[in-house]
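These are the residues of each chain, in order.
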Amino acid sequence: MASKRGALIVLEGVDRAGKTTQCKKLVQALQQSGRPAEMMRFPDRSTTIGQLISAYLEKKSDLEDHTVHLLFSANRWELVPVMKKKLDQGITLVVDRYAFSGVAFTSAKPGFCLDWCKRPDVGLPKPDLVMFLQLNPAEAALRGQFGNERYETSAFQKSVQEKFEQLMKDPSVNWKIIDASQNVEGVHADIRTHSLNAINETQNMPLGELWK
Ligand code: 2DT
């Protein structure tokens, strides 16, 4: 019998919903229960493409909007061989942002439609589970100020949230909405439950292709 593959698990959500903290806690919990797991994040700022994106986000450079959208997508595609290899080896990948952020952020800009924004990411490894950490703007504000990077304003984040809501209507993706207003442990418990279910349900199934 072929060995079991790892699951591809993505966390998405608005600013300050706790995605990074929760990704780390999930990886730790999976590892402690004897399940191989690793964290990834997009953009991956360590590659040559990632460095262009990072300079753009830090406002050290300007890039044309279509161009930067395609760079974000290219940054995912360049990691696909590594992702597939790890999943094949039985390692579950816990990913902080993915193509959904790509589409939500660009389509929140004037002149972009959801369909154009999705195209470059069609065919990427399809997540077995995408958890959206839901937090209303008032609660997010209690968690501190926005940072200084590009996109970190309340007006832009509001349109990003609306785009995420449109994406979540797509039944071809296994979305779960998580109430991120709970305390860290409560959110973690929900995330762990959904993740264990996804790992068990998909370990003998082939990896899918996103939006195909
Ligand atoms: P963080 O590194 O703090 O998560 O911020 N983004 C992300 C896009 O515009 N397109 C994408 O494809 C991805 C993955 C979201 C990264 C910022 O970059 C935005 C916030």
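Use the structure listed above.
Now for a quick tour of the structure. (Residues numbered from 1 in each chain as written. Predicted model: local features only at pLDDT ≥ 70, side-chain atom pairs only at ≥ 80, totals over all residues. Heavy atoms only, no water.)

### Observations regarding the sheet that holds strand β1 (residues 8-13)
Strand pairs in the sheet, formed through backbone hydrogen bonds, run parallel or antiparallel to each other.
So, point 1. A sheet is described by the order of its strands in space; here five strands give the open sequence β2-β3-β1-β5-β6, paired in parallel fashion. This sheet does not close on itself; its edge strands, each paired only once, are β2 (37-41) and β6 (175-179). The mean inter-strand angle of the sheet, taken between neighbouring strand axes irrespective of direction, is 25°.
So, point 2. When β2 meets strand β3 (residues 92-96), the two strands line up parallel, connected through five bridges. What sits directly across from M40, in β3, is V95.
So, point 3. The strands touched by helix α5 (residues 99-107) within the sheet are β1, β5 (129-134) and β6, with β1 carrying the most contacts at an inclination of about 25°. (Pairing = 2+ DSSP bridges. Helix = DSSP H or I, 4+ residues; strand = E, 2+ residues; numbered from the N terminus. Axes fitted to C-alpha atoms, helices over the stretch in contact; angles between N-to-C directions. Contact = heavy atoms within 4.5 Å.)

### Observations concerning the nonpolar core
So, point 1. Residues Y98 and F100 are the most contacted members of the largest nonpolar core, which totals 61 residues.
So, point 2. Not counting residues up to four positions away in its chain, the partners in contact with F100 are V10, E12, P127, V130, F164, L167, V173, W175, L210 and W211. (Core = buried A, V, L, I, M, F, W, Y, C linked by side-chain atoms within 4.5 Å. Buried < 20%, exposed > 50% of the residue type's maximum accessible area, 1.4 Å probe, protein only.)

### Here's the deal with the site of the ligand
So, point 1. Around the ligand, the structure places 13 residues, and the nearest of them are R45, F72, R76, R97 and G102.
So, point 2. The side chain of R97 places a nitrogen or oxygen atom 2.7 Å from an oxygen atom of the ligand.
So, point 3. G102 places a polar main-chain atom, nitrogen or oxygen, 3.4 Å from an oxygen atom of the ligand.
So, point 4. Because more than half of its atoms lie within 2 Å of the grid, the ligand is assigned to the largest pocket.
So, point 5. Looking at the shell around the ligand, the elements with two or more residues in it are α3 (65-77) and α5.
So, point 6. Considering every element that reaches the shell around the ligand, the biggest residue donor is α5, with three residues.
So, point 7. Residues that form the shell around the ligand fall into these classes: seven nonpolar, two polar and four charged. (Near = heavy atom within 4 Å. Polar contact = N/O pair within 3.5 Å; in protein donor to acceptor, adjacent residues only side chain to side chain. 1 Å grid on protein atoms, 1.4 Å probe; cavity = no way out; pocket = protein on both sides within 12 Å on 5 of 7 lines; lining within 4 Å. Sits in = over half its atoms within 2 Å of the grid points. Nonpolar A, V, L, I, M, F, W, Y, C, P; charged D, E, K, R; others polar.)

### Observations concerning the packing of helix α2 (residues 48-57) against α3
So, point 1. Running from amino to carboxyl end, α2 crosses α3 at an angle of 135°, the nearest separation of the two axes being 9 Å. Classed by the angle they form, the pair α2 and α3 counts as oblique. Every pair of crossing elements has a handedness; the one defined by α2 and α3 is left-handed. Contact residues: α2 offers I49, G50, L52, I53, Y56 and L57, while α3 offers D65, V68, L71, F72, A74 and N75. (Parallel < 35°, antiparallel > 145°, perpendicular 65-115°, else oblique. Left-handed = near helix turned anticlockwise from the far one by under 90°.)

### Description of the environment of Q166
So, point 1. Among the secondary structure elements, Q166 is positioned in helix α8 (residues 154-167).
So, point 2. With 62 residues separating them along the chain, Q166 and A104 place their C-alpha atoms 8.9 Å apart.

### Examining the environment of F105
So, point 1. Mapped onto the fold, F105 is located in helix α5.
So, point 2. In this structure the C-alpha to C-alpha distance between F105 and H69, which are 36 residues apart in sequence, comes to 8.9 Å.
So, point 3. Other than its neighbours up to four places away in sequence, F105 contacts R97, Y151, F156, Q157, V160 and F164.

### Section: the pattern of salt bridges
Close approach of charged atoms allows side chains of opposite charge to pair.
So, point 1. For the structure shown, the criterion picks out 13 salt bridges.
So, point 2. Its salt-bridge partner being E185, residue K25 comes within 2.7 Å of it at the nearest N-O pair. On the criterion of sequence distance, the pair formed by K25 in helix α1 (residues 19-32) and E185 in helix α9 (residues 184-202) is long-range, its members being 160 residues apart.
So, point 3. Among the salt bridges present, the one from R41 reaches D96, with a minimum N-O distance of 3.4 Å. (Salt bridge = Lys/Arg side-chain N within 4 Å of Asp/Glu carboxyl O.)

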